[in-house]
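As a plain string of letters, each chain reads:
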Amino acid sequence: MPNERLRAVMVSGGWTHAALANAVDVDPKSVERWVNLGRTPRRPTALKAAETLGEDVHARWPQLRQAKAARAVSPELVALYDQRADLPVSVFVDLLSQARQQIDVLVYAAVFLHEAYPRLNELLRGKAEAGCVVRIAVGDADSVNVQQRGREERFGHGIESRCRLALMHYRPLAGVPGIELRTHGTALYNSLYRADDQVLVNAHVWGVNAYRAPVWHLRRTGTGGMFDTYAESFDAVWETARPVEG
């Protein structure tokens, strides 16, 4: 099948088969086969031809596009859990207890933390007193995205009441030095529980309650990786969230 894209570029640029062949150091018959038969040159030759024509090599020969090799396991992945229900609350508590500089919590409600560990506020106060910056963002029960999530998870108004309950649990921390509490109305794709360079990511799956969705534990090993992707996501949501006054 002729390579009409290549033909059009050569015509518009005034390139003959012989001229392009001379420029990239191949036989003119090779260029003729590229155009008329749709043959694909070797990658080095294709790159040189594309540069000569002032074109993107993949636009002229899409078949040369190479998929980036997938890694079997990311070096940042500490553990992967089939569902949040598989994790004892101690995993979350132990992670937050290790923080020395920063704690970030981004959820809609996650009242399971306070229900299973009533001393959570005491832990967060202690961390703030020790110099840790604590940021907590819970769902705004009146936001359309929270209400939509309730319908998607067949949870109805239950998720709204749980957001209000979560806010009630955390409200005593509002105004505590080093701790900031906000409400957000974003479409939440993942719940995040960060302690310094570690984070537990609870995926959100359409139609599935969060406790049945997977969790992955990440540890930052460098810049620009998966950890930073979620950290930047938290910051973006935080900028849209509304402070809760003490």
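Since this is a predicted model, take the numbers as computed values, not measurements.

Enquirer: Even after reading the chapter, I still don't get the packing of helix α9 (residues 144–152) against helix α10 (residues 158–170), so can you show me in this structure?
Expert: When two helices pack together, their arrangement is given by the angle between the helix axes and the distance between those axes. The N-to-C vectors of α9 and α10 enclose an angle of 130 degrees; their axes lie 8 Å apart at closest approach. Between α9 and α10, the angle is such that the two are oblique. Within the contact between the two elements, α9 uses Val146, Gln147, Arg149 and Gly150 and α10 uses Ile159, Glu160 and Cys163. Taken together, the residues of the contact of α9 with α10 break down into 3 nonpolar, 2 polar and 2 charged.

Enquirer: Teacher, can you tell me more about the confidence of the model for the protein here?
Expert: Low pLDDT means the predicted atomic positions in that stretch should not be read closely. When the pLDDT values of the protein are averaged, the result is 90; 96% of them are 70 or greater. No element of the protein has a lower mean pLDDT than helix α5 (residues 57–60), at 80, and none a higher one than strand β2 (residues 102–106), at 98.

Enquirer: Where do I start with the pairing of strand β7 (residues 215–219) in this structure?
Expert: Regular strands show a simple pattern: their side chains alternate between the two faces of the sheet. Across the 5 residues of β7, 4 count as buried, placing the element largely inside the fold. In this sheet, β7 lies alongside strand β1 (residues 77–81) in antiparallel orientation, the contact comprising 4 bridges. Each bridged residue has a counterpart across the sheet, and for Tyr81 the counterpart in β7 is Val215. Bridging between strand β6 (residues 198–203) and β7 involves 5 bridges; their strand directions are antiparallel.

Enquirer: I keep staring at the layout of surface pockets and nothing clicks. Help me out?
Expert: Space left empty within the atom packing is revealed by a probe, the size of a water molecule, rolled over the atoms. Roughly 320 Å³ of internal volume is contained in the largest pocket. Lining the largest pocket are 18 residues, and of these Arg84, Ala110, Glu153, Arg162 and Ala210 sit closest to its centre. Listed by contribution, the elements that provide at least two residues to the lining of the largest pocket are α10 and β5 (190–195). By residue class, the composition of the lining of the largest pocket is 11 nonpolar, 3 polar and 4 charged.

Enquirer: Would you explain the sheet that holds β2 in this entry?
Expert: Note: strands within a sheet are paired through backbone hydrogen bonds, in either parallel or antiparallel orientation. Read across the sheet, 8 strands follow the order β1-β7-β6-β5-β2-β3-β4-β8 without closing on themselves; strand pairing throughout is mixed. Looking at strand neighbours, the two that pair on one side only are β1 and β8 (242–243), the edges of this open sheet. Pairing geometry for β2 and β5, over 4 bridges, is antiparallel. Residue pairing across strands places Asp104 opposite Arg194, the latter belonging to β5. Here helix α6 (residues 89–97) sits on the sheet in contact with β2, β5, β6 and β7, set at roughly 45 degrees to β5.

About the criteria used
- Within every chain, residues take consecutive numbers counted from 1 along the sequence as written.
- Only residues with pLDDT of 70 or above have their local features reported here, since the model is predicted, and side-chain atom pairs are shown and tallied only from 80 upward, although totals for entire chains, interfaces and linings are computed over all residues.
- Where side-chain values are given, they derive from all heavy atoms of the structure, hydrogens and water being excluded.
- For helices, the fitted line uses only the C-alpha atoms of the stretch in contact; every axis is such a line through C-alpha atoms, and the angle between N-to-C directions lies from 0 to 180 degrees.
- Only runs of H or I of at least four residues qualify as helices and only runs of E of at least two qualify as strands under DSSP, and these elements are numbered from the N terminus.
- Orientation is classified from the angle alone, with under 35 degrees giving roughly parallel, over 145 giving roughly antiparallel, 65 to 115 giving roughly perpendicular, and any other angle giving oblique.
- Here a residue-residue contact requires only that any non-hydrogen atoms of the pair lie within 4.5 Å.
- As a working rule, the residues Ala, Val, Leu, Ile, Met, Phe, Trp, Tyr, Cys and Pro are called nonpolar, Asp, Glu, Lys and Arg charged, and the rest polar, with Gly in that last group.
- For every residue, the predictor assigns a confidence score, pLDDT, that lies between 0 and 100.
- Exposure is judged per residue with a 1.4 Å probe applied to protein chains only, and the accessible area is read against the type maximum: over 50% gives exposed, under 20% gives buried, and values in between give partly exposed.
- Two strands are counted as paired when DSSP detects at least two bridges linking them.
- Cavity means a closed set of points on a 1 Å grid over the protein atoms alone, one where a 1.4 Å probe fits but cannot get out, pocket means an open set with protein on both sides within 12 Å along at least 5 of 7 lines, and lining means a residue has an atom within 4 Å of a point.
- Grid points are joined across faces, edges and corners, and a volume is the space filled by probe spheres set on the points.

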